[in-house]
Amino acid sequence: MPSLLMPNEGKDHIMIRRPRHKRVLTAAAVTVLATVLSACNSGGGAEKASGPAGDNGTLNWEWDLPTSFDPVTSSAGWDAHVLGLAYSAITALDKNGNAVGGLAKSWKYAPDGKSIAFTLQPNLKFSDGTALDADAVKTNILRGRDTPDSRIASQLAEVTDVTVTSPTEFTIKLSKVDYQVPNLLAGKTGMIVSPTAIKANAAGLATKPVGDGPFTLTNYVPGSHADFVRNPNWFDASDIHLAKLSVKAITDQQQILAALQSGDVNVAYIAGSSVSAAKAAGFTINEVPSQVVTTLDVNTSKAPFSNPLVVQAINYAIDRQALVDTQQFGHGSPSFQPFPKNYTVGYDPSLANLYPHDVNKAKQLLAQAGYPNGLTIPLTTSIATGAVEQLQSQLKEAGITAKINVIPAAQFTNIVYIQKQPGLALDGTAGRESPLQMLEVLYDSKGLMNLSAKIPSNVQTVFDKLRTVPLDSPDYASTLQATVKAAVTSPGSQHIWLYTTPRILATSPKVTGLPFTLITQRFEGVRVAS
Amino acid sequence: MLKKTLRFRSAQISVAILLAVLLLAIFGSALAPQDPLHQSVKDFLQGPSSRHWLGTDYLGRDVLSRLLAGTRTSVTTAAEATLVGLVFGAIPGLLSAFLGTWFDFIANRITDAIMTLPTIVFAIGCTAVLGNSLTPAMLAIGFLSSPLFFRVTRAAALEFVRAQYVESAELFGASRFRIVRVHVLNKVIPTIAVAAAMSASAALLIVSSLTFLGIGVVPPAPTWGGVLASDLSYLNQAPWAPIVPAVLIMLTAGALNALADAIRDASGVHVSLLSAASSKAATEEAAATELTQPGDDADPAFLGANSANPVIDKIDEEAADVNRHSAA
């Protein structure tokens, strides 16, 4: 059983910046209409942090606030960005998405692939002074696996035990071979919380994180902002050149631009439609490649989508470049697979132009499928305007009438992921730390975003094979790409990929050194001039 | 009464505006110079030109055509909501004055219960259960506006229950139905007309705000509120664009309100009747404000300060609330 599946990650529902219903977060409603009335702590750090001279900048980052500051109960994949400020994970991802050292400086798989020995960095400490040792890691992994309301439990289900051999050494034992674990532990699954804080008040972690991250939370106003200061004891503190970092949640594009111009925020996540205005106002536009890809979830268990020819016809009928040009003002690129081009290890170049826009071919396939006069299909969405209207118009040209069914955003998880009602749903993915984890969410029979709840047998075979290939094996990239290809091109494929969405960050010219990280946004090396 | 009403200058202007809107509602689609659904995505968010008099929207559709074609949906849905409110409110209101204490008691309690329901949340619930289209949303809105009609009609009718001519008709053996039809109905109608005009203007604004929230109208069908909502998302590209749909909505709602005022003045309907209805709404609003958490203040932009219409105020406040949730 593929145990890395996760009905846990909350919803995968796209959190792309859009002109209007930009972000659709989880049900745990973060109230975000909040104006930044109280946000007046701009300007350089008056109180000097204990960092090196010159490192006294304050970064005000416009971004969503998390559903919870407890990595075990946080219900949105998107939360990892902000949680990564307060916590460090056992491993980390480099800018290409490969697992590198985090709290653990190294690890080694046993020859049978069923246990992994980790070595922690020496002298790690949580922000509350508690030592971050192998026992603390054990407590956290078992808590993630066993806590009743854990959202990461299924990712840790295959962990049979954690044995501690010394304060800096521990071994994770698995019930089966799985070489994806180091990637998995780079996300919320591997974030380590102070055992003292867990013991004292685990529920309080939702608003008061105690970890060993690059920053420490000092003030949190849910729905408005979260203030952090530099953590001088963090193991990589020499890479952090900011005295303070504040996360401010604003959603309206006009308000975000106003906040940029007033200096209220100096880094903001903006929609493609705001790029020209931000540029004109003198802000730097950073197009960070991300793993956000928009897709149509196809329920291949339902007619007419059970007919692969119909799904192929839809694929050919869609003009992806036009969607990118209009919906994202040209930012991003057409996509035919779950990974963006920048994720070199997983991106299969042979799929680069899998379904070129070809209306005649679409009509021909429909005729072959037994619909010479076109057909009517349902199209479910929680974002009523924009992409869905354009898709409808494109499909019409091929003789496909799409009937749009708008569902409330708050019910998306329930209707689409849990009940799997729709035949076709506009959706998107934010990426996962482990590529196999991502593929399973999308294509496995228990995958959150697989509406058909079925997996073609050839795809299951390649998934099982990928799990047993070590990440450092020379065959890993080719095996992963073959897996992607099998999943994407299998006749019963459950996704129609549309386009990638870059993380567009508008920054004040005073902000320099923003790292381009594929999955979560990091701040190592960032400086703010005073 | 109609003649009397039309003597007012405000009524003349209002009727002229409403007739124009009615014409647009009937012939709007035919008048539209282009297909309101046709996308030419290469020319999206263009300014006014000889080809597109009011420019194009975010998918390159002709805005003028969308506004013209959207008139019918906007107007008929507002009418639909008013009609539902009228049927569920005015008829029981009239009957409750004449059908004895038990009917009166039960009808009043049901009305009280309906008044506790939050309009927009209820509308969202209805669309979730009955499917997202305008009719369920409008049924919900109309149903929730029925207490206004119920109370206004009941209060107006109560005045006549013990009127001497009603009592004498009763003594002559006239049936209740005949009494209501002959002696009461035409006296109550001016009051109901005022309430209906008020309710229609409120419904027009609710339709707009629902479209704003993506409820009710299924895309790509155009409505005034929908055009306005999408325009507000692209202020960088077309800062002037929201003005036209906003003016259309304001003119129609304003004309309905002015007409309601004129009807009231012309018919000499007891002012206290209407203020009874709106003071009830004001109490309701106060209750809603109490429920609002401290620090959970709605966006001031949504709260028309000192608006003359507390019903609309309350609705707007809910819209702000819902907006916040959908943004979350």
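Residues numbered from 1 in each chain as written. Chains lettered and ligands numbered in written order. Predicted model: local features only at pLDDT ≥ 70, side-chain atom pairs only at ≥ 80, totals over all residues. Heavy atoms only, no water.

A. Highlighting the overall build of chain A. Looking only at helices and strands, chain A features 15 helices and 20 strands. For chain A, long-range pairs separated by at least 24 residues make up 70% of all intrachain contacts whose partners lie at least 6 apart in sequence. Total accessible area computed for chain A in this model is approximately 18,000 Å², and 53% of it derives from carbon and sulfur atoms. (Helix = DSSP H or I, 4+ residues; strand = E, 2+ residues; numbered from the N terminus. Contact = heavy atoms within 4.5 Å. Areas by Shrake-Rupley, 256 points an atom, 1.4 Å probe, with all protein chains shown as cover.)

B. Structural context of the overall build of chain B. Helices and strands together make up the secondary structure of chain B, namely 12 helices and 0 strands. Reading chain B from its N terminus to its C terminus gives the helix and strand order α-α-α-α-α-α-α-α-α-α-α-α. A burial count over chain B gives 49% of its 328 residues as buried. Put simply, 74% of the contacts in chain B that link residues at least 6 apart link residues at least 24 apart. As displayed, chain B has an accessible area near 15,300 Å², and 67% of this comes from carbon and sulfur atoms. (Buried < 20%, exposed > 50% of the residue type's maximum accessible area, 1.4 Å probe, protein only.)

C. Structural detail: the pairing of strand 8 (residues 215-221) of chain A. All names here are of chain A. Pairing of strand 8 with strand 9 (residues 225-230), which is carried by 6 bridges, proceeds in the antiparallel orientation. From the neighbouring strand, T216 faces strand 9, where its bridge partner is V229. The antiparallel hairpin formed by strand 8 and strand 9 contains 3 residues in its connecting segment, where G223 sits at a positive phi of about 85°. (Pairing = 2+ DSSP bridges.)

D. Focus on the sheet that holds strand 4 (residues 104-109) of chain A. Residues and elements named next belong to chain A. Here 4 strands make up an open sheet; going across it, the order is 4-5-7-6 and the pairing antiparallel. A strand with exactly one partner marks an edge of an open sheet, and here the two such strands are strand 4 and strand 6 (159-166). Taken over all neighbouring pairs, the strand axes of this sheet differ in orientation by 20° on average, direction set aside. Bridge count between strand 4 and strand 5 (residues 115-120): 5 bridges; the pairing is antiparallel. Residue pairing for strand 5: K108 is matched across the bridge by A117. Strands strand 5, strand 6 and strand 7 (169-174) of the sheet are contacted by helix 2 (residues 134-146), whose axis makes an angle of about 170° with strand 6. (Axes fitted to C-alpha atoms, helices over the stretch in contact; angles between N-to-C directions.)

E. Main features of helix 6 (residues 253-262) of chain A. Residues and elements named next belong to chain A. Taken residue by residue, helix 6 has Q253, I256, L257, A259 and L260 as its buried positions. For helix 6, the buried positions fall inside an angular range of 160° around the axis, keeping them on one side. Facing away from the buried surface of helix 6 by more than 90 degrees, the exposed residues are Q261 and S262. At the N-terminal boundary of helix 6, the capping side chain belongs to D252, with an oxygen 3.0 Å from the backbone nitrogen of Q254. G263 sits one or two positions beyond helix 6 and adopts a positive phi of about 85°. (Arc of directions from axis to C-beta. Polar contact = N/O pair within 3.5 Å; in protein donor to acceptor, adjacent residues only side chain to side chain.)

F. View of the domain arrangement of chain A. Residues and elements named next belong to chain A. Here chain A is described as being made up of domain 1 (27-64 + 207-289 + 504-528), domain 2 (77-206) and domain 3 (290-502). If you look at the interface, domain 1 gives 28 residues, while domain 2 gives 28 residues. Of the roughly 2,300 Å² buried at the junction of domain 1 and domain 2 (both faces included), carbon and sulfur atoms supply 62%. Of all residues in domain 1, the largest losses of buried area upon contact with domain 2 belong to V210, D212 and F235, amounting jointly to 27% of the total for that side. At the boundary of domain 1 with domain 2, the tally comes to 0 salt bridges. Linking domain 1 to domain 2 there are 13 residue pairs in polar contact (both at pLDDT 80 or more). A total of 3 residues in the side of domain 1 that touches domain 2 trace back to one element, the largest contributor, which is strand 8. When the residues that make up the side of domain 1 that touches domain 2 are grouped by side-chain class, the tally is 17 nonpolar, 7 polar and 4 charged. (Domains from an automatic or database assignment. Buried area = accessible area lost by both parts, 1.4 Å probe. Salt bridge = Lys/Arg side-chain N within 4 Å of Asp/Glu carboxyl O. Nonpolar A, V, L, I, M, F, W, Y, C, P; charged D, E, K, R; others polar.)

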